[in-house]
Amino acid sequence: MNIVLFGAPGAGKGAQAERISSMYGMVHLSTGEMLRSAITSGSDLGASAKETIDQGNLVPDDVIVKIVDARMDEGDCGEGVILDGFPRTVAQAKALDDMLAGKGLALDHVIEIKVDEDALFARIEKRALERRRTGTARSDDNADTLRKRLAVYHENTAPLLPYYLEKGVLRSVDGMRSIEDVATQIDNLLG
Ligand code: ADP
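Since we're looking at a predicted model, the values are computed, not measured.

Draft legend 1. Broad picture of the pattern of salt bridges. Summed over the entire model, instances satisfying the criterion amount to 17 salt bridges. Between Lys 167 and Asp 97 there is a salt bridge, with its nearest N and O atoms 3.3 Å apart. With Lys 167 in helix 8 (residues 160–167) and Asp 97 in helix 5 (residues 90–102), this residue pair connects regions lying 70 residues apart in the sequence. Ionic contacts of the salt-bridge type, sharing partners, join the residues Arg 131, Arg 138, Asp 140, Asp 141 and Arg 149 into one network.

Draft legend 2. Summary view of the site of the ligand. Within the structure, the ligand sits among 19 residues, and Thr 31, Asn 57, Gly 85, Gln 92 and Arg 149 are positioned closest to it. In this structure, Gly 85 approaches the ligand through a main-chain N or O atom, which is 2.9 Å from a nitrogen atom. Separating a nitrogen atom of the ligand from a side-chain N or O atom of Arg 88 is a distance of 3.1 Å. The fraction of the free accessible surface of the ligand (550 Å²) that becomes covered by protein chains is 96%. One can see that the ligand is located within the largest pocket.

Draft legend 3. Up close: the packing of helix 2 (residues 31–41) against helix 3 (residues 44–54). Here helix 2 crosses helix 3 at 120°, and the two axes come no closer than 8 Å. Considering their axes alone, helix 2 and helix 3 lie oblique with respect to each other. Crossing geometry of helix 2 relative to helix 3 is assigned as left-handed. Contacts between helix 2 and helix 3 involve Leu 35, Ala 38 and Ile 39 from the former and Leu 45, Gly 46, Ala 49, Lys 50 and Ile 53 from the latter. Class assignment of the residues belonging to the contact of helix 2 with helix 3 gives a composition of six nonpolar, one polar and one charged.

What counts, and where the lines are drawn
- Along each chain, residues carry numbers from 1 onward, in the same order as the chain's sequence is written.
- With pLDDT at 70 or above as the cut-off, local features in this predicted model cover only qualifying residues; side-chain atom pairs require 80 or more to be listed or tallied, and sums for whole chains, interfaces and linings still use all residues.
- Excluded from the side-chain calculations are hydrogens and water; all other atoms, namely the structure's heavy atoms, are used.
- Salt bridges are counted wherever a side-chain nitrogen of Lys or Arg sits within 4 Å of a carboxyl oxygen of Asp or Glu.
- By definition, any uninterrupted DSSP run of H or I lasting at least four residues is a helix, any uninterrupted run of E lasting at least two residues is a strand, and each is numbered from the N terminus.
- By convention in these notes, a residue is near a molecule or strand provided one of its non-hydrogen atoms lies within 4 Å of it.
- As used in this structure description, the phrase polar contact means that two N or O atoms lie within 3.5 Å; if the pair is within protein, one of them must be able to donate a hydrogen and the other to accept it, and residues adjacent in sequence are counted only when both atoms belong to side chains.
- Note on areas: these come from Shrake-Rupley sampling with a 1.4 Å probe, and a residue is covered only by the protein chains present in the view.
- Both site types are read off a 1 Å grid over the protein atoms alone. A 1.4 Å probe that fits but cannot get out defines a cavity, while an open set with protein on both sides within 12 Å along at least five of seven lines defines a pocket; lining residues have an atom within 4 Å of a point.
- A cavity or pocket is said to hold a molecule if more than half of that molecule's atoms lie within 2 Å of its grid points.
- Orientation is described by lines fitted to C-alpha atoms, with helices fitted over the stretch in contact, and by angles between N-to-C directions that extend from 0 to 180 degrees.
- Roughly parallel means an angle under 35 degrees; roughly antiparallel means over 145; roughly perpendicular covers 65 to 115; every other angle is labelled oblique.
- Less than a right angle of anticlockwise turn of the near helix away from the far helix marks a crossing as left-handed, whereas a clockwise turn marks it as right-handed.
- The contact criterion used is simple: two residues touch if any of their non-hydrogen atoms lie within 4.5 Å.
- Only Asp, Glu, Lys and Arg are considered charged in this grouping, and only Ala, Val, Leu, Ile, Met, Phe, Trp, Tyr, Cys and Pro are considered nonpolar; every other residue, Gly among them, is considered polar.

This is the structure:
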């Protein structure tokens, strides 16, 4: 089973993806995490992506598609993946369709975690504060970048909703409920 977990920054994708991956034995593939570990390891990819990420902009589609494609070819992804933070543009979604078709795989579900607009900034700001407090701050956690990431979501990522709606794979859950309640809604969808 291959799933895209979809939602604005702060919707709670990461926590739900973690849980689904351990519960259903699927690989949790977070492009944000992949990019951050590329930066930490000092690879060329990390070096070229750092400034873009710190500004809250999107890494170019071809770069991100290449790293997802390579990761999907690793043996552990055969049982299924849960994609978190990818695709983020319609071009990435189309590339994902081609990529999966080329590997003989299908996209089974796109699950949107819906969160009220006004709750998002407060949520990501709170998360940023928590990371600072625990010494795990991200360099893209400052208020300007947070605002930019939300704007980029609206501009580039939200157009994926009609794309997947048309394909008939989009399901939505209410992300304003507790983490446990969101988890239950997702489990019900996955059957
Ligand atoms: P968030 O916490 O906002 O959901 P992520 O951890 O998913 O953020 O991503 C952090 C940053 O990494 C993004 O702001 C963007 O610069 C870059 N990034 C992650 N995934 C993608 C992607 N699919 N396409 C382009 N850039 C990406």
